Amino acid sequence: MARLYIALIGLSLIWGMSFVFIKWLVDPVGVWGTVFLRCIAGALVLLPILFIKRKKGEKKSLPMWKLFVVGIGNAALPWTLIALSETQINSNTASILNATTPIWTGLAGFLFFSVLLTGFQWIGIIVGFIGILVLMNFEVSGIFTSDFVGVGTMVLATMSYAFASQFTKKYLAGTSVVVISTFQLLIGAAVGFVGMMLTNPISVGSLLSGEVILGILGLGCLGSGVATLLYFYIMTNGGPEFASTVTYLIPGTAMIWGFVLLREPVTHNLILGLLIIFAGVYLSSRKSKKLVSTMPVGTR
């Protein structure tokens with residue numbers, strides 16, 4: 001059991017620091033460049049594992065259109081939106097908004113996948129929304145104006161995670177985790193590359209910075225590669241409910257990393273919004289046994 005807790009803490013530290021890595025990357029390489037680099041670095045970690053598994057006999061036909069949907073919904077779209085968000089908001093704020101993913105997962109299940117929600121889950125959704133308003137200092141009008149980039153795009157990213165999570169659960173239940181994770185990274189890399197070439201191609205000089213190199217290794221190899229395998233190790237050996245508790249740890253580690261490495265302030269609104277969102281996540285997680293895991297595949 002001690003190994004599971006060590007793995008859980010390690011996972012929260014990796015995923016918590018992912019928001020710092022994004023900050024380091026998004027300015028020198030751009031939004032699309034950040035998506036491309038994190039996806040291609042993560043794919044390089046997982047491709048050898050996928051190759052070995054396929055060579056050993058796991059050669060089932062691949063549900064390509066379903067993998068494409070998950071690749072867009074769980075990598076390309078949310079990671080673009082998160083990188084865009086962090087051009088306007090602090091990494092610690094982004095991490096707290098990211099913690100609302102389980103709340104939107106329940107709502108996505110209700111709207112698109114015929115999942116019934118309990119009264120506690122509906123209360124959790126409402127409480128989570130109040131937590132978001134607290135983070136925004138109740139300045140709701142900003143969501144509908146030019147200030148939408150930031151909080152608004154971050155919320156959209158979590159909604160994309162939520163849809164992809166429910167889609168994966170329904171349509172890819174029998175597909176290998178390594179297959180899903182690798183293909184979503186390859187699809188995300190392809191989308192990031194096209195977006196980058198159409199807008200602002202990465203210059204070689206921008207890749208020579210120490211922060212950029214650390215960002216690529218940390219966000220791609222660790223956050224998108226190793227952490228995915230670590231998460232599913234925890235889920236397999238400790239159960240999906242235990243694995244989903246990483247949701248509560250990530251914002252805390254992200255705030256610590258943001259304060260230490262980026263000197264980001266920890267405000268009263270941040271703490272209060274975090275506590276309210278945690279309450280919403282807890283309530284929305286009080287679900288029937290049909291809803292198993294609230295964490296999207298290969299998230300963060």
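This structure is a prediction, so every number in the text was calculated from the model and none was measured.

(A) Representation of the overall build of the protein chain. Across its full length, the protein chain holds eleven helices and zero strands. The N-to-C order of helical and strand elements in the protein chain reads α-α-α-α-α-α-α-α-α-α-α. Taken over C-alpha atoms, the radius of gyration comes to 18 Å for the protein chain, in line with the 19 Å a tight globule of 300 residues would show. Taken over the C-alpha atoms alone, the protein chain extends approximately 50 × 50 × 40 Å along its principal axes. Buried residues in the protein chain amount to 54% of all 300 residues. Counting contacts in the protein chain only where the partners sit at least 6 residues apart, residues at least 24 apart contribute 89% of the total. Accessible area for the protein chain stands at about 13,400 Å²; split by element, carbon and sulfur atoms hold 71% of it. The centroid of the 18 positive side-chain charges in the protein chain is displaced by 21 Å from the centroid of its 8 negative side-chain charges.

(B) Seen up close, the nonpolar core. In terms of nonpolar packing, the biggest core is built from 69 residues, with Trp 15, Trp 79, Leu 97 and Ile 132 touching the most fellow members. It is helix α1 (residues 2-55) that contributes the most residues to this core, 23 residues altogether. Leu 50, Val 70, Phe 167 and Phe 183 belong to the second-largest nonpolar core, a separate cluster that totals eleven residues.

(C) View of the packing of aromatic side chains. Throughout the structure, instances matching the rule amount to eleven aromatic pairs. Arranged with centres 5.5 Å apart and planes meeting at 45 degrees, the rings of Phe 113 and Phe 163 form a pair that is tilted. Within this pair, whereas Phe 113 is found in the loop between α4 (101-112) and α5 (119-135), its partner Phe 163 is found in helix α6 (residues 151-171), the two being separated by 50 residues in sequence. Given a relative accessible area of 11%, Phe 113 falls into the buried group. Exposure remark for Phe 163: the relative accessible area of 32% places this residue in the partly exposed category. Here the aromatic cluster, defined as three or more aromatic residues joined through ring pairs, consists of Trp 65, Phe 112, Phe 113, Phe 163, Phe 167 and Tyr 171. Lying over the aromatic face of Trp 79, Arg 38 brings its terminal NZ or CZ to 3.7 Å of the ring centre.

(D) Structural context of a nonpolar patch on the surface. The grouping of Ile 256, Phe 259, Val 260, Leu 261, Val 266, Ile 271 and Leu 275 at the surface amounts to a nonpolar patch, some 610 Å² of accessible area in total. Examining the composition of the nonpolar patch, we find that four residues originate from one element, helix α10 (residues 246-262), more than from any other. For Phe 259, a relative accessible area of 47% translates into the label partly exposed.

(E) Quick peek at α6. Taking 1.5 Å of rise per residue, 21 residues should cover 30 Å, and α6 covers 30 Å from first to last C-alpha, within 8% of that figure. Of all 21 residues in α6, 15 are buried, a share of seventy percent or more.

(F) Seen up close, α5. Its 17 residues place the ends of α5 25 Å apart at the C-alpha level, agreeing with the 24 Å of an ideal helix rising 1.5 Å per residue. Listing the buried residues of α5 in full gives Gln 121, Gly 124, Ile 125, Val 127, Gly 128, Gly 131, Ile 132, Leu 133, Val 134 and Leu 135. In this structure, the buried residues of α5 make contact with α3 (91-98), α4, α6 and α11 (268-284). Two residues or fewer past α5, Asn 137 is found with a positive phi of approximately 60 degrees.

(G) Structural detail: the confidence of the model for the protein chain. For the protein chain, per-residue confidence averages 85 on the pLDDT scale, and residues scoring 70 or more make up 90% of the total. The element-level mean pLDDT for the protein chain is lowest in helix α9 (residues 240-244), coming to 68, with helix α2 (residues 64-85) highest at 95. Scored below 50 in pLDDT, residues 288-299 makes 46 contacts in the model with residues more than four places away or belonging to other chains.

(H) Representation of the environment of Val 179 within the structure. Its location among the elements puts Val 179 in helix α7 (residues 177-199). Along the primary structure Val 179 and Ile 49 are separated by 130 residues, whereas in three dimensions their C-alpha atoms are 9.4 Å apart. Residue contacts for Val 179: discarding those within four places in its chain leaves Leu 50, Leu 62 and Leu 67.

(I) Fine view of the packing of α3 against α6. Following both chains from N to C, one finds α3 and α6 inclined at 35 degrees, their axes separated by 9 Å at the closest point. Every pair of crossing elements has a handedness; the one defined by α3 and α6 is right-handed. Of the residues in α6, those in contact with Ala 94, Leu 97 and Asn 98 of α3 are Val 151, Met 154, Val 155, Thr 158 and Tyr 161. For the contact of α3 with α6, the class distribution of residues is six nonpolar, two polar and no charged.

Conventions we followed
Residues numbered from 1 in each chain as written. Predicted model: local features only at pLDDT ≥ 70, side-chain atom pairs only at ≥ 80, totals over all residues. Heavy atoms only, no water. Helix = DSSP H or I, 4+ residues; strand = E, 2+ residues; numbered from the N terminus. Rg over C-alpha atoms; globule rule 2.2 N^0.38 Å. Buried < 20%, exposed > 50% of the residue type's maximum accessible area, 1.4 Å probe, protein only. Contact = heavy atoms within 4.5 Å. Areas by Shrake-Rupley, 256 points an atom, 1.4 Å probe, with all protein chains shown as cover. Lys, Arg positive; Asp, Glu negative; His and termini not counted. Charge placed at Lys NZ, Arg CZ, Asp CG, Glu CD. Core = buried A, V, L, I, M, F, W, Y, C linked by side-chain atoms within 4.5 Å. Phe/Tyr/Trp six-rings, centres within 6.5 Å; stacked < 30°, edge-to-face > 60°. Lys NZ or Arg CZ within 6 Å of the ring centre and 35° of its normal. Patch = residues over 30% accessible without salt bridge, like charges linked within 9 Å, V, L, I, M, F, W, Y side chains within 5 Å. Salt bridge = Lys/Arg side-chain N within 4 Å of Asp/Glu carboxyl O. Expected span 1.5 Å × (residues − 1). pLDDT = per-residue confidence, 0-100. Axes fitted to C-alpha atoms, helices over the stretch in contact; angles between N-to-C directions. Left-handed = near helix turned anticlockwise from the far one by under 90°. Nonpolar A, V, L, I, M, F, W, Y, C, P; charged D, E, K, R; others polar.

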